[in-house]
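Overview (structure and organization)
Chain residues, written in single-letter form:
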Amino acid sequence: MSRFEPGAVFRWVDFPHPRHNPEDRKPRWFIFLGRSDVLSQPVYAHFCTTTTQFRHFEPGGSRSKHDVIKFSKESSPFGEDCILDCDEAPYTTALDRLENEGNIEIAGRLPEQTLRQIYSRLLRSDGYSFAVLCDIYRSFNHAGITGLKKPRRP
């Protein structure tokens, strides 16, 4: 069984793929969303990141109109207050690479209700392709999170 199940919160020390500043290799918090079908080779893992840069989401900030979910370090597995930008595209990598990465620490799992909220917000996002949304939908269902709205083709 994989240590990565939908809703797993993990910290990747020295994350090697920063999007906004290639020199900014630092620990990052992620939420595992799901994987591609086991019949696809390789099997891909989909996960989203959070940020502690709240200023970008404040009025007048570069992402002030983005759909976000805030997490408090006191009431979530994250070790610090952070924001999930639901409009930012997820990361995708081979699942076996993620499972064999030595610089990843699992911090806990988000509650089902929070995962349902994240999923409904991702369905409205332009950052997630139909194929990735289908993978997340199947992964959530396989994990027992059922009754979700199916992704629709654009």
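Structure first, text after, so check above.
Let us look at the structure shown here. (Residues numbered from 1 in each chain as written. Predicted model: local features only at pLDDT ≥ 70, side-chain atom pairs only at ≥ 80, totals over all residues. Heavy atoms only, no water.)

1. What about the nonpolar core?
Formed by 24 residues in total, the largest nonpolar core has its most connected members in I31, F71 and I118. For this core, the elements supplying multiple residues, two or more each, are strand 2 (28-35), strand 4 (68-71), strand 5 (82-85), helix 2 (112-123) and helix 3 (130-142). Top element by residues in this core is helix 3. It accounts for five residues. Beyond its immediate chain neighbours, meaning those up to four positions away, I31 contacts G7, A8, F10, H46, F47, C48, T50, F71, F78, L84, L110 and I118. Judged by nonpolar contacts, the second largest core, of 14 residues, contains F4, A8, A45 and Y91. (Core = buried A, V, L, I, M, F, W, Y, C linked by side-chain atoms within 4.5 Å. Buried < 20%, exposed > 50% of the residue type's maximum accessible area, 1.4 Å probe, protein only. Helix = DSSP H or I, 4+ residues; strand = E, 2+ residues; numbered from the N terminus. Contact = heavy atoms within 4.5 Å.)

2. Some details on the packing of aromatic side chains
Given two aromatic rings, their pairing is described by the distance between the two centres and the angle made by the two planes. All chains considered together, the criterion is met by 13 aromatic pairs. Aromatic pair Y119 and F140: ring centres 5.8 Å apart, planes at 40 degrees, arrangement tilted. Taken as a pair, Y119 in helix 2 and F140 in helix 3 lie far apart in primary sequence, 21 residues in all. Of the two residues, Y119 and F140, neither departs from the other in class, the shared state being buried. A connected cluster of aromatic rings, assembled from ring pairs, spans F4, F10, W12, F30, F32, F47 and Y91. (Phe/Tyr/Trp six-rings, centres within 6.5 Å; stacked < 30°, edge-to-face > 60°.)

3. Focus on the pattern of salt bridges
In a structure, side chains of opposite charge can pair up when their charged atoms sit close to one another. Tallied over the entire structure, the rule returns eight salt bridges. Between E5 and R35 there is a salt bridge, with its nearest N and O atoms 3.9 Å apart. Pair noted here: E5 is in the segment before strand 1 (8-12) and R35 is in strand 2, with a separation of 30 residues, a long-range link. Exposure remark for E5: the relative accessible area of 24% places this residue in the partly exposed category. R121 is the partner of D67 in a salt bridge, and the nearest nitrogen-oxygen pair spans 2.7 Å. Taken together, the residues D67 in the loop between strand 3 (44-51) and strand 4 and R121 in helix 2 connect sequence positions 54 residues apart. Relative accessible area serves as the criterion here: at 16%, R121 is assigned to the buried category. (Salt bridge = Lys/Arg side-chain N within 4 Å of Asp/Glu carboxyl O.)

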